[in-house]
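Okay, here's what each chain looks like letter by letter:
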Amino acid sequence: MRVGVTYNIKKQRTEDRGQKPEEGRPPDFFAEWDDEDTIEAIQAALSKRHDVVMIEANEDAYVKLRNKRPDIVFNIAEGLWGQGRESQIPAMLDMLRIPYTGSGPLTLAICLDKARAKEILSYYGIPTPRFSIYDLRITNLKTDNRQSSIANRKSLSFPLIVKPLYEGSSKGIRNNSVVNNEAELQNRVEWLIKEYKQPAIVEEFLDGREFTVAMIGNGSALMALPIVEINYSSLPAGVTPIYSYEAKWIWDTPDNPLEIFKCPADIDSRLKKDIETICINAFNTLDIKDWCRIDIRLDSHGKPYILELNPLPGILPDPKSNSCFPKAARAAGMDYDELINTVLDTACKRYGIQYGAKKNYNHL
Ligand SMILES: Nc1ncnc2c1ncn2[C@@H]1O[C@H](COP(=O)(O)OP(=O)(O)O)[C@@H](O)[C@H]1O
Ligand SMILES: [Mg+2]
């Protein structure tokens, strides 16, 4: 089978992280794009079983897809600019009627807008922290005209966490993103809007344990891989217990890894079931396909809430780099190549595509 891989690549290698950013751009500007090692590892995994064609998700992508017409595409592209950037490649593929792994354009766009995703979860009664939005156009910290913001604003109680509305990979989430009073809130929101040129989402801060859940499958075959706990005791003393930009990209390096993830998480069967249930409900409610990583945090009473959903999860191949999805897969006995091929096979099954393997792949 001919498998296309659509991707965006970071023009710097993992070891160059923390380089001086281009002028006027925050240091985590490209944090969501994959590095060369990840793209090469995906290519290598798929090449074990298929003919692989690599398609960079740039402005020429549509023409390349139309000319090469892969049987299916493994999509990992974050897209180029705009609120709908992760939807760009899936929308092109829908137009060309080429099947692809993962969620469609609507779901990817909704999940990239943390507030929209939370509005839908709330509508269906799936727990997620209360929130409010501060928009670019509004001065003096008045909330924007989204109904949910107005409804929620007054009832939010400190501490709050301030995040960019349309980002991932802990972009814009720093050690001082948790605020305790109006003055701190004002400062942080102004900084974020100026630096990231987008609205800020402000949420009630949940101070309980944090988990992330890697999920693969669809319908009745949807399954949660072993749950990962974020172990805050591994962070430097005195810092805010959040998975911040510093925790993800500065304090944790392949040469000096933080022991930040514990997988499988040490939790009782009841909490495990509660977490898995809200994850499955959220996956289905948002019409996610094939795979997703869902971030969960407990409130002070131990009740789980959904922080956000990652339908294009990070998948760093090196076991020494802390990457939750591959880590959860390894805990389930699935190595990197098997993980990538399982995601592809999950999509093939959904589309009813059958193929003869290029090579025998015994694990599957
Ligand atoms: N409402 C919240 N309460 C407590 N911690 C939070 C909350 N929202 C985010 N965080 C912390 O910030 C981290 C990053 O936030 P998240 O919404 O997952 O953004 P990203 O898309 O960058 O991963 C989380 O892993 C968690 O540690
Ligand atoms: Mg997250």
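See the structure shown above.
Keep in mind it's a predicted model, so treat the numbers as computed, not measured. (Residues numbered from 1 in each chain as written. Chains lettered and ligands numbered in written order. Predicted model: local features only at pLDDT ≥ 70, side-chain atom pairs only at ≥ 80, totals over all residues. Heavy atoms only, no water.)

With respect to the overall build of the protein chain
When helices and strands are counted, the protein chain shows eleven helices and 13 strands. For the protein chain, the proportion of its 364 residues judged to be buried stands at 55%. As displayed, the protein chain offers around 16,500 Å² of accessible surface, 48% of which is attributable to carbon and sulfur atoms. (Helix = DSSP H or I, 4+ residues; strand = E, 2+ residues; numbered from the N terminus. Buried < 20%, exposed > 50% of the residue type's maximum accessible area, 1.4 Å probe, protein only. Areas by Shrake-Rupley, 256 points an atom, 1.4 Å probe, with all protein chains shown as cover.)

Here we look at the site of ligand 1
In the vicinity of ligand 1, 22 residues are found, and the nearest of them are Lys163, Ser170, Glu203, Glu210 and Tyr243. In the environment of ligand 1, a nitrogen atom lies 2.9 Å from a nitrogen or oxygen atom belonging to the backbone of Glu204. Computed on the free molecule, ligand 1 has an accessible area of 540 Å², of which 98% lies beneath the protein chains in the complex. Of all the elements in the fold, those that place two or more residues in the shell around ligand 1 are β5 (160-164), β7 (200-204), β12 (291-298) and β13 (304-310). (Near = heavy atom within 4 Å. Polar contact = N/O pair within 3.5 Å; in protein donor to acceptor, adjacent residues only side chain to side chain.)

A look at the layout of surface pockets
Put simply, the second largest pocket is a space of about 430 Å³. For the second largest pocket, the lining is made up of 20 residues, of which Phe29, Trp81, Arg85, Glu167 and Lys171 are closest to its centre. Residue composition of the lining of the second largest pocket, by class: eight nonpolar, five polar and seven charged. Split by domain, the lining of the second largest pocket shows at least three residues from each of two domains, domain 1 (2-111) and domain 2 (130-204). (1 Å grid on protein atoms, 1.4 Å probe; cavity = no way out; pocket = protein on both sides within 12 Å on 5 of 7 lines; lining within 4 Å. Points joined across faces, edges and corners; volume = space filled by probe spheres on them. Nonpolar A, V, L, I, M, F, W, Y, C, P; charged D, E, K, R; others polar. Domains from an automatic or database assignment.)

A few points about empty space enclosed by the protein
Tallied over the full model, the rule gives two cavities of 30 Å³ or more. Those elements that place two or more of their residues in the lining of the second largest cavity are α5 (114-123) and β13.

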